[in-house]
Amino acid sequence: MHRIKIHKIIALMISFFYLIGCWHRGNKPTVREFRTKLFYCIYSCVFVASFFVGAIKNEEKDNTIFLSEISITAAVFTIKFWILIWKQNEILDLLNRICDFSIRDDYGCALFKDKLQRFIGLLIIFLIVLSISFTLETVVLPFVGSEKTLFYEIWFPLDWKNSDVAFWIATIFIFIGDVLMMTSILFSTMIWYLLLNCSLRYEVLGEQLKILGRITERINLSERQLYTNFLQNLKESIQAHSHLRELTDKLGSFFSNMFFLQFATSGLCICGSIYCLAFDIGDSLLERLMYLLVFMFVVAELFMITYFGNEIMLSSNRLSYCLFESDWYNQPQSTKKCVILFGECLKQPQKIVIGKLYPLNLETFTRIINSAYSMFNILKSL
């Protein structure tokens, strides 16, 4: 029996949430912790409002489109940030129930760890790129060139163009707002991790179904004992499948509204990013690079949740084939009936449906990309 625990990278994210005050350590937040949470919520609202007002008041059409895209993206991140702050117990419960479990066989454990390690490697690269882009937009770009400039031409009550003090205050304001948005992005990667664990647990369950009743140790068992061992493993697999299906349903239900919001806004954000890149609205190579990074992140955010949702569907759909690869045909008639009934249940793959309309799979990702392209053509003609 192998024990799988929450990965250390995710554990570091959890520690970071505690460190900055997004999460409290006791059963209930203290007065000070509650004030910190409330401050973050108000600050994130003001930060998003500065983008919306900046987009409305900006006289240049290109900058208006870019700020509108960023304001929509920031609004989605803010809602996600609120979920992170106020749903701490539910998130920790999902992490503990989905990502902390046991695997019976060595092959299933090796398969799980191998695929998880690949994801962690990609996640580290993603976080490095994210850190570089964060540094560029908040630390480097404002001080490039002879004139004072902000990467985001937000609305700000002080005249930061003519006052050094106001410029520094505006820069710090954007810096803190970006830190909160980056925290929301870390939460996004945690959601990817949860979806990945569900899909991998279905794959591990499939491998366990293939070897039902097999004895790895070199011991002599009677035919009756072999039948009993098969039936016992079958019961454990049925319980594991029922438990995993329940956890996946709970995960999909908990994040359903947030995923629906992402589906509703991703097309607009991708459309705005394509416009910025296609018409080269940046004043420098560094700004164009930032527009490209924004586009890649919006697409990656949408792709990851639909990809892992698709993997959950595919890995659960393969379970019936894995069951019939086992040694079920050499079992007693009563056991064969149980196998056939279980196999019929497994023919219904696990699907996460968002808003009772959109399945969380790659087909939905393709539809949103196509809609973004259609909106870009309309925007270009206007």
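Residues numbered from 1 in each chain as written. Predicted model: local features only at pLDDT ≥ 70, side-chain atom pairs only at ≥ 80, totals over all residues. Heavy atoms only, no water.

Moving on to the overall build of the chain. Each helix and strand in the chain was counted, giving 12 helices and 4 strands. Taken along its principal axes, the extent of the C-alpha atoms in the chain is 90 × 50 × 30 Å. In the chain, which comprises 382 residues, the proportion classed as buried is 49%. The long-range share in the chain, meaning contacts at least 24 apart out of those at least 6 apart in sequence, stands at 80%. Carbon and sulfur atoms make up 60% of the accessible area of the chain, which amounts to about 19,600 Å² in all. (Helix = DSSP H or I, 4+ residues; strand = E, 2+ residues; numbered from the N terminus. Buried < 20%, exposed > 50% of the residue type's maximum accessible area, 1.4 Å probe, protein only. Contact = heavy atoms within 4.5 Å. Areas by Shrake-Rupley, 256 points an atom, 1.4 Å probe, with all protein chains shown as cover.)

So, about the packing of helix α8 (residues 256–278) against helix α12 (residues 362–381). Viewed as axis vectors pointing N to C, α8 and α12 meet at an angle of 50°, and their least axial separation amounts to 8 Å. By the angle between their axes, α8 is oblique relative to α12. The interaxial crossing formed by α8 with α12 has right-handed handedness. Residue-level contacts link Phe 263, Ser 266, Gly 267, Leu 268, Ile 270, Cys 271, Ile 274, Tyr 275 and Ala 278 of α8 to Thr 364, Ile 368, Ile 369, Ala 372, Met 375, Phe 376 and Leu 379 of α12. Of the residues belonging to the contact of α8 with α12, the class tally is 13 nonpolar, 3 polar and no charged. (Axes fitted to C-alpha atoms, helices over the stretch in contact; angles between N-to-C directions. Parallel < 35°, antiparallel > 145°, perpendicular 65-115°, else oblique. Left-handed = near helix turned anticlockwise from the far one by under 90°. Nonpolar A, V, L, I, M, F, W, Y, C, P; charged D, E, K, R; others polar.)

On to helix α11 (residues 333–346). Counting along an α-helix, one turn takes 3.6 residues, and residues three or four places apart therefore face a common direction. Its 14 residues give α11 an end-to-end C-alpha distance of 20 Å, which sits within 8% of 20 Å, the value for a rise of 1.5 Å per residue. Those residues of α11 that fall on the buried side of the exposure criterion are Thr 335, Val 339, Phe 342, Gly 343 and Leu 346. With its buried residues spanning 105° around the axis, α11 presents them on a single face. Of the exposed residues in α11, those oriented more than 90 degrees away from the buried face are Gln 333, Ser 334, Lys 337 and Leu 341. (Expected span 1.5 Å × (residues − 1). Arc of directions from axis to C-beta.)

As a further point, take the state of the cysteines. Enumeration according to the criterion identifies 0 disulfides in this entry. A disulfide-free cysteine, Cys 99 has its sulfur positioned 7.6 Å from the sulfur of Cys 198, the nearest such atom. Among the residues examined, Cys 99 registers a relative accessible area of 0% and is labelled buried. Residue Cys 345 stays outside any disulfide, its sulfur separated by 11 Å from that of Cys 338, the closest cysteine. (Disulfide = S-S within 2.5 Å.)

Our next topic: the nonpolar core. Among soluble globular proteins, nonpolar side chains are generally buried collectively. If you look at the biggest cluster of nonpolar residues, it comprises 114 residues, and the most contacted ones within it are Leu 95, Phe 119 and Leu 195. The element that contributes the greatest number of residues to this core is helix α6 (residues 164–210), accounting for 24 residues. When sequence neighbours within four positions are dropped, the list of residues in contact with Phe 119 reads Thr 189, Trp 192, Tyr 193, Leu 196, Met 304 and Phe 308. (Core = buried A, V, L, I, M, F, W, Y, C linked by side-chain atoms within 4.5 Å.)

This part is about a nonpolar patch on the surface. Taken together, the side chains of Phe 34, Leu 38, Ile 42, Val 46 and Trp 86 define a hydrophobic patch exposed on the protein surface, amounting to about 460 Å² of accessible area. Sort the elements by how many residues they give to the nonpolar patch and helix α2 (residues 31–57) lands first, with 4 residues. (Patch = residues over 30% accessible without salt bridge, like charges linked within 9 Å, V, L, I, M, F, W, Y side chains within 5 Å. Salt bridge = Lys/Arg side-chain N within 4 Å of Asp/Glu carboxyl O.)

Across its 27 residues, α2 extends 38 Å between first and last C-alpha, which sits within 8% of the 39 Å expected from 1.5 Å per residue. Of the positions making up α2, those classed as buried are Lys 37, Tyr 40, Cys 41, Tyr 43, Ser 44, Phe 47, Val 48, Ser 50, Phe 51, Gly 54 and Ala 55. If you follow the buried residues of α2, they end up packed against α1 (8–20), α3 (61–86), α4 (88–99) and α6.

Take unusual backbone geometry next. Note on backbone geometry: most residues besides glycine have negative phi, and most peptide bonds are trans. Although it is not a glycine, Lys 356 sits at a positive phi angle of roughly 60°. Structurally, Lys 356 can be placed in the loop between β3 (353–354) and β4 (358–359). According to the relative accessible area criterion, Lys 356 is exposed, its value standing at 81%.

Per the counting criterion, the structure on display carries 10 salt bridges. With a closest N to O distance of 2.4 Å, Lys 80 and Glu 301 form a salt bridge. Placement of Lys 80 in helix α3 and of Glu 301 in helix α9 (residues 285–317) is noted, with a sequence separation of 221 residues between them. Lys 80 sits in the buried class, given a relative accessible area of 0%. Arg 118 is the salt-bridge partner of Asp 114, the closest N and O atoms lying 3.1 Å from each other. Placement of the pair is Asp 114 and Arg 118 together in helix α5 (residues 106–140), with a separation of 4 residues, close to one helical turn. Residue Arg 118 is classed as exposed on the basis of its relative accessible area of 56%. In the salt-bridge network here, residues are joined through shared partners; they are Asp 93, Arg 97, Glu 246 and Lys 250.

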